[in-house]
Protein chains: 2
Amino acid sequence: MTKRAARAATLTDVARRAGASTAVVSYVMNNGPRPVAAATRERERVLAAAAELNYRPNRVARALRSRTTGVVGLVLADASNPYFGALARHIERALGARDKLTLTGNADYSADRQQDLVERFLAAQVDGLVIVSADGGADVAAEAEAAGVPAVYVHNRPASGHSPVVSADNDAAVHTAVTHLRSHGHDRVAFLAGPHDAGPVGHRRAAWESAVGRTDDTLLRCAYARAAAAALTRDLVARGAMPPALITATDEQAIGVLAGASAAGLSVPGGLAVVSLDGTPDSAHTAPALTVAEQPLRAMARRAVGVLLDGADSASAEAVPPASLIVRRSCGCGSG
Amino acid sequence: MTKRAARAATLTDVARRAGASTAVVSYVMNNGPRPVAAATRERERVLAAAAELNYRPNRVARALRSRTTGVVGLVLADASNPYFGALARHIERALGARDKLTLTGNADYSADRQQDLVERFLAAQVDGLVIVSADGGADVAAEAEAAGVPAVYVHNRPASGHSPVVSADNDAAVHTAVTHLRSHGHDRVAFLAGPHDAGPVGHRRAAWESAVGRTDDTLLRCAYARAAAAALTRDLVARGAMPPALITATDEQAIGVLAGASAAGLSVPGGLAVVSLDGTPDSAHTAPALTVAEQPLRAMARRAVGVLLDGADSASAEAVPPASLIVRRSCGCGSG
DNA sequence: CTGTTAGCGCATTCAT
DNA sequence: ATGAATGCGCTAACAG
């Protein structure tokens, strides 16, 4: 209780206390754009005054003047989904490394809410926008760019979009998964897709079709939710209709399948071999551990931030490597 | 490509186009604080001009003038941890319902990084701060309050802190878990604690001790990570030292235990009954599904936001209910 | 009911 | 090398 909550110190306060002008103090605080005599700077002057007053530059004022906030908006379909959550975490980290603050918003898979969030972020004068949506939605990046704000899509770009997009190599991932399951002697490899074939996850279903190269392998469908996949699995097991080898479009579904199999008394990988396609951290500690084609989320995040801040052809915009197969127990490998 | 990225329209632009003053336009945009003739407002005037120019109020300028940004800073230990991630999601939602934008930062369990984030958020003139740390750290809320910015701790408050804190009722949760396991006939109930007994999770270990009321029940320890718990479990099973009934301090550990048990061939709940104490969404779809004492994360988030924005005694600051037991299969209940 | 005007805190140009 | 003065876009007091 030394001091009552007083008005925060401003540049003017520091200047007065240091017996200097606001211009000089500004030059000192920003190391430029003009030189300041070392004596003025240190010797019982500017720096000292700033420290004594516990001066903290007001970024709002700075933003108004310099037309740049140092804040980037991150629009997510839903951070509760571990895939998006992990992506968000990497994006926030990459942004922080570039000295940007992250304004985060969840659209809950709603195109309207996504639109609203973008509107708010634009009003907040963000320096850029990273958009991670599940599928569909308006071309909000175009809207941002019309307002002079750069934007990047990650994971999914709406059909009508033309802005840069960073996505994983789904074809390679699916191909890898199919090949691995076949190496276990599975002639037929079923696929658990989403409810509709929209978006990049829907694309995986097409990749599976072309990878198996035949038309009689089983195509299963359910929502991208653990509970839905678990229910489907219990039902299939009860009807004796569960195929022996399965690729799931997402980790969420794979985890649901494992839960359903456990509840139905079906052993994995004994009675069912499973490979998933995201490779989020969650997949490493399921029972049994999931074999996955792991998407390089961190590389995707770094590339997205590079493209956003430096343009698509900058050196900082390193390429995204293909998914890599991580062999664990759910496919039948290992001492399971 | 209809228009090249031009300077965004300002209040002045709208005023000029509508043939009105900036004051009137401001009154219209904000519905106040003074009345405006309906004719001026609608009839081919202000609203029309704003729409034609695609006017979007600059919140930075507004913030500078009104000394309030409409942005709240959320400092997290680590959003990758599903417990914190779920909490963050609820907090963002509660903040959105109050028309606040959320600036999110992850401290990665580092006190230094947490300090740095708070500094940045304060410089960004946030209207408030929500701090979710694992344990320890400086009393950053006090620092914020010294700068005139309200702050709330969620989950954990550092020992030296005096700011409001919203936390779960750990004692009740642990007691519930112990009682349930005993009802399954388990005389002894082991506990898997964290590496040190710091923070609220450490508190759970003390609650367990008092709940079992004896000194010879097994106390296990490992890091709050799935991998650590899985490794510990494999080791214990290999040595034949795994107790038959176990309460884990966190869901992360419980999931690790399940993974370890699966890898080691130990059946749950057959050979080991497990109850966990967080109840994050993840716990519902493990194999087998986890019985948990579920923390009311959503209520905690709402209360935190209520306390932050309206003060601790406001009506909006509804109380946090105790944890509720969710019975699933890992304890031995159900048709497992 | 509406117009004019003075700052909010800072970066920067123009003088010195 | 430094100081004085201007304006970023907006809100709200102050005049009509």
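In case you missed it, the structure is sitting above this.
It should be emphasised that the depicted structure is a prediction, and the values quoted were computed from it without experimental measurement. (Residues numbered from 1 in each chain as written. Chains lettered and ligands numbered in written order. Predicted model: local features only at pLDDT ≥ 70, side-chain atom pairs only at ≥ 80, totals over all residues. Heavy atoms only, no water.)

A.B. asks: Teacher, can you tell me more about the relation of the copies chain A and chain B here?
C.D. replies: Put simply, the two copies of the chain differ by a rotation about an axis and a shift along that axis. Mapping chain A onto chain B is achieved by rotating through 180° and translating by 0.1 Å along the same axis, at an RMSD of 0.1 Å. The superposition operator between the copies reduces to a two-fold rotation axis. Minimal C-alpha separation from the rotation axis in chain A is found for Leu103 of chain A, amounting to 2.2 Å. The residues that chain A uses at the interface reappear at the interface of chain B in 100% of cases, marking a shared surface. (Least-squares fit on C-alpha atoms with pLDDT ≥ 70 in both. Contact = heavy atoms within 4.5 Å.)

A.B. asks: Looking at this structure, how should I read the packing of helix H5 (residues 59-66) of chain A against helix H5 (residues 59-66) of chain B?
C.D. replies: Packed helix pairs are characterised by how far apart their axes lie and by the angle those axes make with each other. At a closest axis distance of 9 Å, the pairing of H5 of chain A and H5 of chain B adopts a crossing angle of 135°. Between H5 of chain A and H5 of chain B, the angle falls in the class oblique. Two packed elements cross with a definite hand, and for H5 of chain A against H5 of chain B that hand is left-handed. Between H5 of chain A and H5 of chain B, the residues in contact are Val60, Ala61, Ala63 and Leu64 of chain A and Val60, Ala61, Ala63 and Leu64 of chain B, respectively. Class assignment for the residues of the contact of H5 of chain A with H5 of chain B results in 8 nonpolar, no polar and no charged. (Axes fitted to C-alpha atoms, helices over the stretch in contact; angles between N-to-C directions. Helix = DSSP H or I, 4+ residues; strand = E, 2+ residues; numbered from the N terminus. Parallel < 35°, antiparallel > 145°, perpendicular 65-115°, else oblique. Left-handed = near helix turned anticlockwise from the far one by under 90°. Nonpolar A, V, L, I, M, F, W, Y, C, P; charged D, E, K, R; others polar.)

A.B. asks: So what exactly am I meant to see when it comes to empty space enclosed by the protein here?
C.D. replies: The method is simple in principle: a probe with the dimensions of a water molecule rolls over the atoms, and the space it marks as empty is what remains. Considering all chains together, one arrives at 3 cavities of 30 Å³ or more under this definition. Taken as a whole, the largest cavity spans an internal volume of roughly 260 Å³. Lining the largest cavity are 17 residues, with Val60, Val71 and Ala124 of chain A together with Val71 and Ala124 of chain B sitting closest to its centre. Those elements that provide at least two residues to the lining of the largest cavity are H5 and strand E2 (101-106) of chain A together with H5 and strand E2 (101-106) of chain B. (1 Å grid on protein atoms, 1.4 Å probe; cavity = no way out; pocket = protein on both sides within 12 Å on 5 of 7 lines; lining within 4 Å. Points joined across faces, edges and corners; volume = space filled by probe spheres on them.)

A.B. asks: Would you mind showing me how to read the packing of helix H9 (residues 170-183) of chain B against helix H10 (residues 199-212) of chain B here?
C.D. replies: Residue and element names in this part refer to chain B. Two numbers describe how H9 lies on H10: the axes approach to 8 Å, and their chain directions differ by 45°. One way to sum up the angle between H9 and H10 is to call them oblique. Considering how the two elements wind past one another, H9 and H10 form a crossing that is right-handed. Between H9 and H10, the contacting residues are Asn170, Asp171, Val174, His175, Val178 and Arg182 on the first element and Pro200, His203, Arg204, Ala207, Trp208, Ala211 and Val212 on the second.

A.B. asks: When you look at the packing of aromatic side chains in this model, what are you seeing that I'm missing?
C.D. replies: The description of an aromatic ring pair rests on the distance of the ring centres and on the angle between the ring planes. All names here are of chain A. A full pass over the atoms with the stated rule returns 4 aromatic pairs over all chains. Ring geometry for Phe191 against Trp208: centres 5.5 Å apart, planes inclined by 20°, an arrangement best described as stacked. One end of the pair, Phe191, is in strand E6 (residues 190-193); the other, Trp208, is in helix H10 (residues 199-212), and 17 residues separate them in sequence. On the basis of relative accessible area, Trp208 is assigned to the buried category, the value being 3%. (Phe/Tyr/Trp six-rings, centres within 6.5 Å; stacked < 30°, edge-to-face > 60°. Buried < 20%, exposed > 50% of the residue type's maximum accessible area, 1.4 Å probe, protein only.)

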